[in-house]
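Understanding the architecture of this molecule
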Amino acid sequence: MALVKKLLKKTYLFTSLVETIGFFNSIKFIILYYLKNDNLIKFKLKKKILFFLRPRMDIGVFTQFFIKCYKLNYNLKEDKKKIRILDLGANIGSQTIRFVNDLPNSEIIAVEPEKENFEILKKNTNNFPQIRLEKIGISNIQKNAWIQKNDKDSSSENFETVSDLNKIMKNEYYDKIEIKDIKYILSKYNFDQFDIIKIDINSEIKNLFKSENFINLLNKSQIIITRITLDGISNSGLTFFMLNKLFNLDIFDIKICDDNLIFIKNGSPIDCKILDSYLF
């Protein structure tokens with residue numbers, strides 16, 4: 001019985017994958033993944049979207065092609081208001097492009113400090129003029145820091161910034177990056193708020209949430225999307241830390257989709273639905 005359940009689950013996942021990227025692309029990815037190939041490959045998705053990724057290193061991103069996802073919708077169709085979106089930790093752009101797909105009338109600032117991810121992000125968003133890119137980190141400080149390099153043994157979506165004090169073998173394991181306060185983004189683009197903020201920056205979130213400027217920005221937003229990080233059963237975990245620092249939860253509805261925690265402000269014109277659908 002256990003074997004049958006496992007087979008049915010794999011069949012379901014493969015069917016979902018085929019629906020998103022087609023049969024031959026699905027076979028191609030599976031072969032390259034098990035060959036441990038990390039060369040950049042290209043997929044042609046629905047709506048003629050070209051999407052680049054590394055089969056093994058970007059497996060975390062790739063799972064988004066066949067898991068349950070969320071879909072955003074702007075309810076005031078007659079209102080031509082631009083939806084401003086901040087994507088913190090854009091990685092190679094899978095969620096960034098989904099934002100455009102859900103909300104075509106949007107302006108998106110996608111932030112990604114890791115250099116290899118950023119180069120692929122540029123490729124994946126090249127045909128979307130409403131997406132603007134920033135190769136920086138956002139935190140509560142403005143200085144240089146070090147980011148862990150991608151390698152064959154670690155996922156490209158996991159990184160950790162370290163201070164200038166921790167320089168042991170830094171040239172081998174770390175790349176220098178620039179860290180900015182959120183005021184840099186607001187000033188550069190002349191924004192006073194974002195309608196949607198997505199946060200996926202792993203351990204650096206604790207420093208980010210020490211920034212009063214960032215907390216104030218969250219309170220003005222309509223939708224906040226963040227990763228659930230249950231790294232402990234006590235209130236020392238990142239998710240508990242974030243909730244304690246965040247905002248008045250009484251004015252938000254909360255939804256969970258896979259490992260995403262989604263806060264929706266009461267009365268928001270932007271709706272969020274959880275769907276058994278795929279990336280695009």
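A short tour of the structure in this document, coming up.

Each value, and the rule that gives it
- Residues numbered from 1 in each chain as written.
- Predicted model: local features only at pLDDT ≥ 70, side-chain atom pairs only at ≥ 80, totals over all residues.
- Heavy atoms only, no water.
- Helix = DSSP H or I, 4+ residues; strand = E, 2+ residues; numbered from the N terminus.
- Buried < 20%, exposed > 50% of the residue type's maximum accessible area, 1.4 Å probe, protein only.
- Contact = heavy atoms within 4.5 Å.
- Areas by Shrake-Rupley, 256 points an atom, 1.4 Å probe, with all protein chains shown as cover.
- Patch = residues over 30% accessible without salt bridge, like charges linked within 9 Å, V, L, I, M, F, W, Y side chains within 5 Å.
- Salt bridge = Lys/Arg side-chain N within 4 Å of Asp/Glu carboxyl O.
- Lys, Arg positive; Asp, Glu negative; His and termini not counted.
- Charge placed at Lys NZ, Arg CZ, Asp CG, Glu CD.
- Pairing = 2+ DSSP bridges.
- Phe/Tyr/Trp six-rings, centres within 6.5 Å; stacked < 30°, edge-to-face > 60°.
- Axes fitted to C-alpha atoms, helices over the stretch in contact; angles between N-to-C directions.
- Core = buried A, V, L, I, M, F, W, Y, C linked by side-chain atoms within 4.5 Å.

On to the overall build of the protein chain. Tallying secondary structure elements over the protein chain gives 10 helices and 15 strands in all. The proportion of buried residues among the 280 residues of the protein chain is 48%. Considering only contacts within the protein chain whose residues lie at least 6 apart along the sequence, 66% involve residues at least 24 apart. Carbon and sulfur atoms form 53% of the exposed surface of the protein chain, whose accessible area is close to 14400 Å².

With that out of the way, let us pick up a positive patch on the surface. A surface patch of like charges, here positive, comprises Lys-28, Lys-42, Lys-44, Lys-48 and Lys-123. Residue placement: Lys-42 occurs in strand β1 (residues 41-44).

Turning our attention to the pairing of strand β14 (residues 260-265). The side chains of a regular strand alternate between the sheet's two faces. With six of its six residues buried, β14 lies for the most part within the structure. Taking every second residue as pointing to the same face, both faces of β14 are buried, with Asn-260, Ile-262 and Ile-264 on one and Leu-261, Phe-263 and Lys-265 on the other. Sheet topology note: the strand β12 (residues 223-227)/β14 ladder contains five bridges and is antiparallel. Along β14, the bridge assignment pairs Arg-227 with Asn-260. The pairing of strand β13 (residues 252-257) with β14 spans six bridges and is classified as antiparallel. In the strand pairing of β14, Lys-255 is matched with Ile-262.

Our next topic: the pattern of salt bridges. For the structure on display, the rule yields 13 salt bridges. Arg-132 is the partner of Glu-107 in a salt bridge, and the nearest nitrogen-oxygen pair spans 3.4 Å. Residue Glu-107 is found in strand β5 (residues 106-111), and its partner Arg-132 is found in strand β6 (residues 131-134); the two are separated by 25 residues along the sequence. Look at Arg-132 and you get partly exposed, because its relative accessible area is 33%. Across the pair Lys-122 and Glu-119 runs a salt bridge, and its minimum N-O distance is 3.4 Å. Taken as a pair, Lys-122 and Glu-119 lie in helix α5 (residues 115-124) at a separation of three residues, close to a single helical turn.

A separate point is the packing of aromatic side chains. Across all of its chains, the model carries seven aromatic pairs by this definition. Where Phe-23 meets Phe-24, the ring centres are 5.4 Å apart and the plane angle is 80°; that geometry is what we call edge-to-face. Assessed through its relative accessible area of 44%, Phe-23 is described here as partly exposed. Their ring planes at 15° and their centres at 6.1 Å tell us that Phe-29 and Tyr-33 sit as a pair that is stacked. In this pair, Phe-29 and Tyr-33 both sit in helix α2 (residues 23-34), four residues apart, roughly one turn of the helix.

Attention now goes to helix α4 (residues 94-102). Across the nine residues that make up α4, a large majority, nine, are buried. Among the residues of α4, Ser-94, Gln-95, Thr-96, Ile-97, Arg-98, Phe-99, Val-100, Asn-101 and Asp-102 are the ones counted as buried.

Read from one edge to the other, the open sheet built from seven strands follows the order β6-β5-β4-β11-β12-β14-β13, with strand pairing classed as mixed. The open sheet is flanked by β6 and β13, the only strands paired with a single partner. When the angles between neighbouring strand axes are averaged without regard to direction, this sheet yields 15°. Lying over the sheet, α4 contacts β4 (83-88), β5, β6, β11 (196-199) and β12, oriented at roughly 175° with respect to β5. Seen against the sheet, helix α9 (residues 212-220) touches β4, β11, β12 and β14 and runs at an angle of roughly 130° to β11.

Let's shift gears to the nonpolar core. In terms of nonpolar packing, the biggest core is built from 40 residues, with Leu-53 and Ile-196 touching the most fellow members. When neighbours within four sequence positions are excluded, Ile-196 is seen to be in contact with Leu-72, Ile-83, Arg-84, Ile-85, Leu-86, Phe-99, Leu-103, Ile-223, Ile-225 and Ile-270. Formed by 26 residues, the second largest nonpolar core is a distinct cluster that contains Leu-186, Ile-205, Phe-214 and Leu-261.

Moving on, we come to the environment of Lys-115. Inspection of the secondary structure assignment puts Lys-115 in helix α5. C-alpha separation for the pair Lys-115 and Ile-147, spaced 32 residues apart in sequence, amounts to 9.6 Å. Non-local contacts of Lys-115, meaning those with residues more than four positions away in its chain, are made with Lys-135 and Asp-175.

With that settled, the discussion passes to the environment of Arg-227. Structurally, the position occupied by Arg-227 is in strand β12. Between the C-alpha atom of Arg-227 and that of Cys-257, which follows or precedes it by 30 residues, the distance is 9.7 Å.

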